[in-house]
Amino acid sequence: MSLDLNDLLRDWPHEPGQIKVRRILGTDGKEKIQLRIDLGLIQMETAGRPDGERPNGCESLLAYHMGMARDKEAAREQYLLAPEDVSELQQEGIQYYHRYISLFQLNDFPGVIRDTQRNIELFNFVNQHAGTEDFANSLEQFRPYVLMMNTRARASIELERADFAAALRQIERGREKIAELFTNTETGELAERSPEIAFLDEWMEEIRARQPMTKLEKMQKEMEMAIANEAYERAAELRDAIRAQIAKKKERAAELRARRQE
């Protein structure tokens, strides 16, 4: 068998600026994910550690260190990560980064949520157990991006259901989490220059523009047009209908609150 990668990649050329991903069936009978890069490709497992390794018999290096930390805490001892530990954990986090951006291209949004949440757990663990703040910051700088991708996946699931309001709530929630990061680290002014926040703001505007109008919004628009055309009788009818619709919504909301309290 030829070892020349060109034989494998000839029919799948790299395109600058494009993230090209595909699923393939491995010789072990399991599905794999392949990410095309300029000098070849990256092949990953669909679950567990992307390279398929089990460091120290654990699912991941993070899982190994978390287990060690639990043992130390049970013995009332402090568990500290050495500089080389943080470096190895960061390299492992990059593997998960490659997989979740690949999964996003494949519209596997639950997989993106799983892997981004895993890297958020990595940041939290290093923050808690790194020997110095510099070690923690080496990973913490990536948290806004990971939160953004987690938010994109959650909102994309809602968009697949055509639930625009739920998608907007997910984006607003994710945006708030990113903004809080800057506030909590006393770098609130950086939020204005955050590319992650800028992306989410722009995406929200795009979704709002695509969002179908509700019955109430359509009636409101029709009333405004009736007033502009001096069709005051029609405008009055619509005004009364809008008020009745709002009253019904309030009644339903009150009923739901009462049921929850029972």
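Our subject is the structure listed above.
Heads up: these notes are all about the structure in this document. What you are looking at is a predicted structure, and each value in this text was computed from that prediction instead of being measured. (Residues numbered from 1 in each chain as written. Predicted model: local features only at pLDDT ≥ 70, side-chain atom pairs only at ≥ 80, totals over all residues. Heavy atoms only, no water.)

1. Some thoughts on the layout of surface pockets
Applicable threshold: Of the grid points, spaced at 1 Å and generated over the protein atoms alone, those admitting a 1.4 Å probe that cannot get out make up cavities, while open sets with protein on both sides within 12 Å along at least five of seven lines make up pockets; any residue with an atom within 4 Å of a point is treated as lining. Grid points are joined across faces, edges and corners, and a volume is the space filled by probe spheres set on the points. Helix numbering and strand numbering both begin at the N terminus, where a helix is a DSSP run of H or I of at least 4 residues and a strand a DSSP run of E of at least 2. Think of it as three bins: nonpolar holds Ala, Val, Leu, Ile, Met, Phe, Trp, Tyr, Cys and Pro, charged holds Asp, Glu, Lys and Arg, and polar takes everything else, Gly as well.
Computed from the structure, the second largest pocket encloses a volume of approximately 220 Å³. Every residue lining the second largest pocket is listed: Gln90, Gly93, Ile94, Tyr97, Tyr100, Asn119, Leu122, Phe123, Leu139, Phe142, Tyr145 and Val146. Mapped by element, the contributors of at least two residues to the lining of the second largest pocket are α3 (83–105), α4 (109–129) and α6 (143–160). Counting residues per element, the lining of the second largest pocket draws most heavily on α3, at 5 residues. Tallied by class, the residues present in the lining of the second largest pocket amount to 9 nonpolar, 3 polar and no charged.

2. Notes on a positive patch on the surface
Here is the rule: Candidate patch residues must exceed 30% relative accessible area and have no salt bridge, after which like charges are joined if within 9 Å and Val, Leu, Ile, Met, Phe, Trp or Tyr side chains if within 5 Å. Per-residue accessibility takes into account occlusion by the displayed protein chains alone, with areas from the Shrake-Rupley method and a 1.4 Å probe. By convention in these notes, a salt bridge is any Lys or Arg side-chain nitrogen within 4 Å of a carboxyl oxygen on Asp or Glu. When charges are counted, Lys and Arg contribute as positive and Asp and Glu as negative, whereas His and the chain ends are disregarded. Lysine's charge is taken at NZ, arginine's at CZ, aspartate's at CG and glutamate's at CD. For the exposure calls, accessible area comes from a 1.4 Å probe over protein chains only, and a residue counts as buried if that area is under 20% of its type's maximum, exposed if over 50%, partly exposed in between.
A surface patch of like charges, here positive, comprises Arg154, Arg169, Arg173 and Lys177. Of all the elements, helix α7 (residues 164–184) adds the most residues to the positive patch, at 3 residues. For Arg169, the position within the fold is in helix α7. Look at Arg169 and you get partly exposed, because its relative accessible area is 46%.

3. Overview of the sheet that holds strand β1 (residues 20–25)
Definition in use: Here the rule is simple: two strands pair whenever DSSP picks up at least two bridges between them. Fitting a line to C-alpha atoms yields each axis, with helices limited to the stretch in contact; the angle taken between N-to-C directions then spans 0 to 180 degrees.
Pairing within the open sheet is antiparallel, and its 3 strands lie in the order β1-β2-β3. Looking along the sheet, the strands with just one partner apiece sit at the ends: β1 and β3 (40–45). Strand after strand, the sheet turns through a mean of 30° between neighbouring axes, direction not considered. Direction of pairing for β1 relative to strand β2 (residues 31–37): antiparallel, over a ladder of 6 bridges. Along β2, the bridge assignment pairs Arg22 with Gln34.

4. Section: the packing of aromatic side chains
Note on aromatic pairs: each is described by the distance of the centres and the angle between the planes. Rules: Any Phe, Tyr or Trp ring, taking Trp's six-membered ring, that has another such ring centre within 6.5 Å forms a pair; planes under 30 degrees apart are called stacked, those over 60 apart edge-to-face, and the others tilted.
Summed over all chains, the structure comprises 4 aromatic pairs. Taking 5.5 Å as the distance between ring centres and 65° as the angle between the ring planes, the aromatic pair formed by Phe104 and Phe109 counts as edge-to-face. Judged on exposure class, the residue Phe104 and its partner Phe109 are both buried. A ring pair is formed by Phe199 and Trp203, whose centres lie 6.1 Å apart and whose planes are at 35°; its orientation type is tilted.

5. Some points on the side chain of Gln170
What counts is decided by this rule: Within 3.5 Å is the distance limit for a polar contact, defined as a pair of N or O atoms, with the added protein rule that one can donate a hydrogen and the other accept it, and that residues adjacent in sequence qualify only through two side-chain atoms.
Mapped onto the fold, Gln170 is located in helix α7. The buried category is assigned to Gln170, whose relative accessible area is 18%. Polar contacts involving the side chain of Gln170 include one to the side chain of Arg173, which spans 3.3 Å.

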